[in-house]
Amino acid sequence: MIHSLQLIGSRGPGGAERFFCRLVNALHSDKQEVIAISPGNSAVAGELGRSVSQYHLPFRSVLDLYTRWRISALVGKLQPVIVQTWLGRATRLTHLPAGQCPIHIARLGGYYRPHAYRHAHAWDGNTRGICDYLVRQGFPPARVFHIGNFVPLAARISTRERHSLRRALGLDTDAFVIIAAGRIHEVKGFVDLVNAFTRLPDEIGGRPKHLLIVGDGPARGNLETAIRHAGLEERITLTGWLSDPADCYDLSDLFISPSRQEPLGNVILEAWSHHLPVIATRTAGALELVDPGRNGLLVPCQSESDLATAIQALATDAAAREEMVKSGRDTVGRYYSESVIVSAYREMYDRLAGR
């Protein structure tokens with residue numbers, strides 16, 4: 001068994017935090033000894049399985065000397081083989097001697113400044129682009145590993161269940177519902193999506209259009225202003241942050257990822273899992289995931305007209321949508337399933353531990 005500590009210092013919810021919980025729970029289910037360390041009042045503390053061992057530290061900032069000392073003390077007490085840190089704060093507060101156990105692996109989900117990660121012993125990037133970036137920055141290739149995220153494959157719900165979910169949100173059961181999800185930040189391009197949505201006719205294929213945006217963040221006020229200026233308050237619903245957005249995926253017809261920047265795009269995997277066709281902008285992450293015309297469509301970033309055209313074309317072609325759904329689910333099953341990703345982590349841990 002590999003005994004690993006998994007550390008994350010963020011308090012709020014987000015894509016990295018959701019996958020942290022998903023992976024820790026999966027490693028625990030795989031009978032691997034794993035302990036999670038996070039702030040006690042964080043979103044992840046309540047999302048981990050009850051049987052997962054946890055420790056809680058303040059993680060006040062990257063200069064929190066008390067947390068740095070406590071991490072070292074816990075490593076000495078627990079004697080793990082692997083210490084894996086997530087995001088910048090946990091990584092910068094973890095400093096372990098090189099050339100011996102435990103092995104410090106820093107997990108990166110973005111193109112972060114390299115100086116904050118160089119002191120780790122190995123690095124795990126969730127896209128090939130991030131791994132290539134690290135190698136270009138002088139990180140040793142033999143210790144840079146590409147392991148993606150995983151999502152569970154969801155069962156397809158019945159029409160009756162879909163109508164029930166729509167009524168619960170006050171949506172027309174016959175509407176053509178477009179969904180987008182993520183942290184509401186300027187780089188996520190939600191305002192671009194709203195502007196593209198205004199270009200669509202009120203009905204698509206004889207069905208009233210509706211846009212569902214799942215998430216929250218610092219740009220929510222600007223997004224609400226854009227919606228009001230467009231006069232679309234009745235046709236666009238902002239749900240706020242949802243720890244489990246499965247129902248929102250299930251009640252929708254089409255998923256859009258309108259990001260201006262996106263290292264991976266975990267929401268694309270989630271959309272495929274929930275039987276949704278995908279349209280995404282040409283970000284680094286989407287270019288790795290989407291095979292245009294097979295499992296999704298790609299459009300230029302910040303091009304409202306191209307996005308509107310793609311939505312209109314796919315929304316009126318049910319056969320194309322169903323083929324994309326099949327291909328998207330096949331992509332998840334082959335490359336981004338729990339068994340595939342957990343096996344990759346187990347292999348990385350064994351290799352680094354010299355087993």
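Up top is the structure these notes are about.
Treat the numbers as computed from the prediction; the structure is a model and nothing was measured.

Thoughts on the side chain of T85
Note that T85 resides in strand 4 (residues 82-86). Within the structure, the side chain of T85 is placed 2.8 Å from the side chain of T91, a separation counted as a polar contact. Only 2.9 Å separates the side chain of T85 from the side chain of H104, close enough to count as a polar contact. Dropping the residues within four chain positions of it, T85 is found in contact with L7, A90, T91, T94, H104, I105, A106 and R107.

Structural notes on the pattern of salt bridges
What the rule picks out here adds up to 16 salt bridges. Here R334 and D330 are joined by a salt bridge, their closest N and O atoms 2.9 Å apart. You can see R334 and its partner D330 sitting in helix 13 (residues 318-335), four residues apart, about one turn around the helix. Where salt bridges share partners, they join R162, R166, R207 and D253 into one cluster.

Re the side chain of E270
Within the secondary structure, E270 sits in helix 10 (residues 266-273). Residue E270 is classed as buried on the basis of its relative accessible area, which comes to 6%. Of the polar contacts made by the side chain of E270, one reaches the side chain of Y249; its length is 2.7 Å. Those residues in contact with E270, other than ones at most four positions away along the chain, are R18, R22, V151 and Y249.

Description of unusual backbone geometry
Residue P102 is bonded to the preceding C101 through a cis peptide linkage, with omega at 0°. By secondary structure assignment, the location of P102 is in the loop between helix 4 (87-92) and strand 5 (103-108). We note that F59 has phi near 50°; this positive angle belongs to a residue other than glycine. Along the chain, the position of F59 falls in the loop between strand 3 (53-56) and helix 3 (65-78). For H275, which is not a glycine, the phi torsion comes out positive at approximately 65°.

The rules we used
Residues numbered from 1 in each chain as written. Predicted model: local features only at pLDDT ≥ 70, side-chain atom pairs only at ≥ 80, totals over all residues. Heavy atoms only, no water. Helix = DSSP H or I, 4+ residues; strand = E, 2+ residues; numbered from the N terminus. Polar contact = N/O pair within 3.5 Å; in protein donor to acceptor, adjacent residues only side chain to side chain. Contact = heavy atoms within 4.5 Å. Salt bridge = Lys/Arg side-chain N within 4 Å of Asp/Glu carboxyl O. Buried < 20%, exposed > 50% of the residue type's maximum accessible area, 1.4 Å probe, protein only.

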